[in-house]
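Summary of structural features
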Amino acid sequence: MKSLTDKQRIDYPILAITLFSVLYNCILAYINHNITPLAVSHVVLCEGMMMLSSVAYLLKKGIYEEDLPIFLFLIFTLIITIYITVMNRVPFIDQFRNVLIIVAFAGIGSWASERTVKLAFRIGCFFVLLFLVCEIVSTPFYVSLFHPGQYFENTRGIKQASFNNTGLFANALGFQGRFSFGLIDHRSSSIFLEQVSLANFCGVIVIYLLSFWPKLGRIEKALFVSTVMLILLTNDTRTMLIFSFISIIGYFAFPKIPKAFDLILMPLIILIGFFVHFMKPEEVGDNFTGRIGVTVKKMLDLDFQAIIGLDITRIGEFADSGYVYLIYGSTIFGLIMFWLFVCLFPAGETAAQRRCAHSLSLFIFLNMMIGGTAIFSIKIAGLLWLLIGYMRVSEKPRTARIQPANVDGSRVPG
């Protein structure tokens, strides 16, 4: 009876933090366009509130031996951050912020109940689908709510392109010849206001479906599957289309694959990337092979200074090449540590846990070959790592094992 209670309770602080991480950008955009102009400080303030709330929640719960992997990862990243800042004489905290998001949400995820996780995904997905339909049916009305172009200019300093009179974020407009199903005249963005986060949200939902499919009702399955399909048809995301098709096969194959396989997945993807590049060395455009070509070329250009983190001033050039960005921002040792964490932190005992672990590694390492920093955005990373943290302890909920103490210091039997 205790286990049932643990699964069905709702952790409202965790739910609020997670939903805010998904929704805060569109809330700020609505305020920016319809109430008062905002600045980058408001975005930083919101992210800071989420981080502080998550850390405070974890500290209140207490630090246990099973929390050591995430905190050791954070401490390692802090040391690397200090090293890079001192050696380059330029403050650079981006990678520490990225890892802090992972640690914070994986941490609160390990305390979340099953009902809380399912509710966070259900509500988040509902709003994404609602405003995605709104964007498809009436783009002018969608723009009147959020005006993404204006929002990113005010809060990120990204000037609105002169050719863009739609009010949308310019990068969502696409270009002639780009892969598209042709259902709408731009790449959909929904509540994320830009196309890359919506594409990655699709990937996060696929990982969730692989992890929870047998536990979902028909209405929930319809909600998530229809959202994934609508994103794939309107966002023009080649990577998530490939990832989704592999995941359908993976649902049946992943439980049969040892978790240790994830350790060779990143080197395998990089090796395939080099093979693709050498087969088509001139491909460097905005298509799948072209993006791979760009990343491989930048990897080939790495020098010793970059590998040991002594050339941080160039990191802005690599925002679209994940592996190179990580090396510049955290040294080769930071990339190795991130690789080990992604592969080893998730649990892999049950079929659901192995589906979750394998799909996470595939999602992360495939994304890093054709993209850059988007997987670290709190809009996506919060929900993703909440799921990973929960799945790590899903078979042995922490609240069922760690009982409150009596006045005399002994544990309440559970």
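Remember, it's a predicted structure, so these values are computed and weren't measured experimentally.

**Things to note about the nonpolar core**
Counting residues in each nonpolar core, the largest one holds 128 residues, and the members touching the most others are Tyr 323, Ile 364, Phe 365 and Trp 385. Once residues lying within four places of it in the same chain are set aside, the contact partners of Trp 385 are Ile 102, Phe 105, Ala 106, Phe 341, Val 342, Phe 345 and Leu 360.

**Re the packing of aromatic side chains**
The full count for this structure, using the stated rule, is 20 aromatic pairs. Counting every residue linked through ring pairs, the aromatic cluster contains Phe 121, Tyr 208, Phe 212, Phe 224 and Tyr 390. Of note, Arg 355 hangs over the ring of Tyr 251, and the distance from its end group to the ring centre comes to 3.8 Å.

**Points about the pattern of salt bridges**
For the coordinates displayed, the defined rule picks out seven salt bridges. Here Arg 122 makes a salt bridge to Glu 220, at a shortest N to O gap of 2.8 Å. Taken together, the positions of Arg 122 in helix α6 (residues 114–137) and Glu 220 in helix α10 (residues 218–235) put the pair 98 residues apart, joining distant regions of the chain. Overall, the relative accessible area of 31% leaves Arg 122 in the partly exposed class.

**Some words on the packing of helix α3 (residues 40–61) against helix α5 (residues 94–109)**
Direction vectors running N to C along α3 and α5 enclose 45 degrees, while the axes themselves pass 9 Å from each other. For the element pair α3 / α5, the angle class is oblique. Crossing geometry of α3 relative to α5 is assigned as left-handed. Along the contact surface, α3 presents Glu 47, Met 51, Ser 54, Val 55, Tyr 57 and Leu 58, while α5 presents Arg 97, Leu 100, Ile 101, Val 103, Ala 104, Phe 105, Gly 107 and Ile 108.

**Looking at unusual backbone geometry**
Although it is not a glycine, Asp 236 sits at a positive phi angle of roughly 60 degrees. Assignment of secondary structure puts Asp 236 in the loop between α10 and α11 (238–253). The exposure class assigned to Asp 236 is buried, which follows from its relative accessible area of 5%. One non-glycine residue, Thr 331, lies in positive phi territory at about 70 degrees. Along the chain, the position of Thr 331 falls in helix α15 (residues 322–344). A relative accessible area of 2% places Thr 331 in the buried class.

**Describing the state of the cysteines**
Taken as a whole and assessed by the stated rule, the structure comprises zero disulfides. Distance from the sulfur of Cys 46, which forms no disulfide, to the nearest cysteine sulfur (Cys 26) is 11 Å. Taking the relative accessible area as the measure of exposure, Cys 46 reaches 9% and is therefore buried.

**Quick word on the confidence of the model for the chain**
Considering every residue of the chain, the mean pLDDT works out to 89; 91% of them sit at 70 or more. No element of the chain has a lower mean pLDDT than helix α1 (residues 2–8), which averages 59, and none a higher one than α6, which averages 97. For residues 404–414, every residue scores under 50 in pLDDT, and the model assigns this stretch 10 contacts once sequence neighbours within four places are set aside.

**Describing the environment of Ile 17**
Positionally, Ile 17 belongs in helix α2 (residues 12–34). We classify Ile 17 as buried; its relative accessible area is 10%. Linking Ile 17 and Gly 382, residues 365 residues apart in sequence, is a C-alpha distance of 8.8 Å. Those residues in contact with Ile 17 that lie beyond four places of it in its chain are Met 50, Ser 53, Ser 54, Phe 105 and Ile 108.

**Points about the environment of Leu 232**
Here Leu 232 is to be found in helix α10. We classify Leu 232 as buried; its relative accessible area is 11%. For the pair Leu 232 and Leu 52, spaced 180 residues apart in sequence, the C-alpha to C-alpha distance is 34 Å. Apart from the residues within four sequence positions on either side, Leu 232 is in contact with Phe 181, Cys 202, Thr 237, Met 240, Leu 241 and Ser 244.

**Side note on a nonpolar patch on the surface**
A contiguous nonpolar surface patch, about 450 Å² in accessible area, is contributed by Leu 78, Ile 82, Tyr 83, Val 86 and Met 87. Examined against the element boundaries, Ile 82 turns out to sit in helix α4 (residues 68–88). By relative accessible area, which is 48% here, Ile 82 ends up partly exposed.

The rules behind each value
- Note on numbering: residues in each chain are counted from 1, in written sequence order.
- At least 70 in pLDDT is required for a residue's local features to be given in this predicted model, at least 80 for side-chain atom pairs to be given and counted, and no such filter applies to totals for whole chains, interfaces and linings, which use all residues.
- By convention in this description, side-chain values take in all heavy atoms of the structure and omit both hydrogens and water.
- Note on terminology: a nonpolar core comprises buried Ala, Val, Leu, Ile, Met, Phe, Trp, Tyr and Cys residues joined through side-chain atoms within 4.5 Å.
- Relative accessible area decides the class of each residue, using a 1.4 Å probe on protein chains only: under 20% of the type maximum gives buried, over 50% gives exposed, and in between gives partly exposed.
- Contacts are assigned to residue pairs that have any heavy atoms within 4.5 Å of one another.
- Any pair of Phe, Tyr and Trp rings, taking the six-membered ring for Trp, is counted once the centres come within 6.5 Å. Such a pair is stacked with planes under 30 degrees apart, edge-to-face with planes over 60 apart, and tilted for the rest.
- The criterion for a charge sitting over a ring is simple: Lys NZ or Arg CZ within 6 Å of the ring centre, and within 35 degrees of the ring normal.
- We count a salt bridge whenever a side-chain nitrogen from Lys or Arg sits within 4 Å of a carboxyl oxygen from Asp or Glu.
- Only DSSP runs of H or I with at least four residues qualify as helices, and only runs of E with at least two residues qualify as strands; both kinds are numbered from the N terminus onward.
- Angular values range over 0 to 180 degrees, each being the angle between N-to-C directions of two axes fitted as lines to C-alpha atoms, with helices fitted over their stretch in contact.
- To sort the angles, those under 35 degrees are grouped as roughly parallel, those over 145 as roughly antiparallel, those from 65 to 115 as roughly perpendicular, and the leftovers as oblique.
- Handedness of each helix crossing follows the sense of rotation of the near helix against the far helix: counterclockwise by less than a right angle gives left-handed, clockwise gives right-handed.
- Disulfides are defined as pairs of cysteine sulfur atoms found within 2.5 Å of each other.
- pLDDT measures how confident the predictor is about each residue, on a scale from 0 to 100.
- For patch detection, residues must exceed 30% relative accessible area and be free of salt bridges, and they are connected within 9 Å for like charges or within 5 Å for nonpolar side chains (Val, Leu, Ile, Met, Phe, Trp, Tyr).
- Under the convention used here, a 1.4 Å probe and the Shrake-Rupley method define accessible areas, while residue burial counts only the protein chains that appear.

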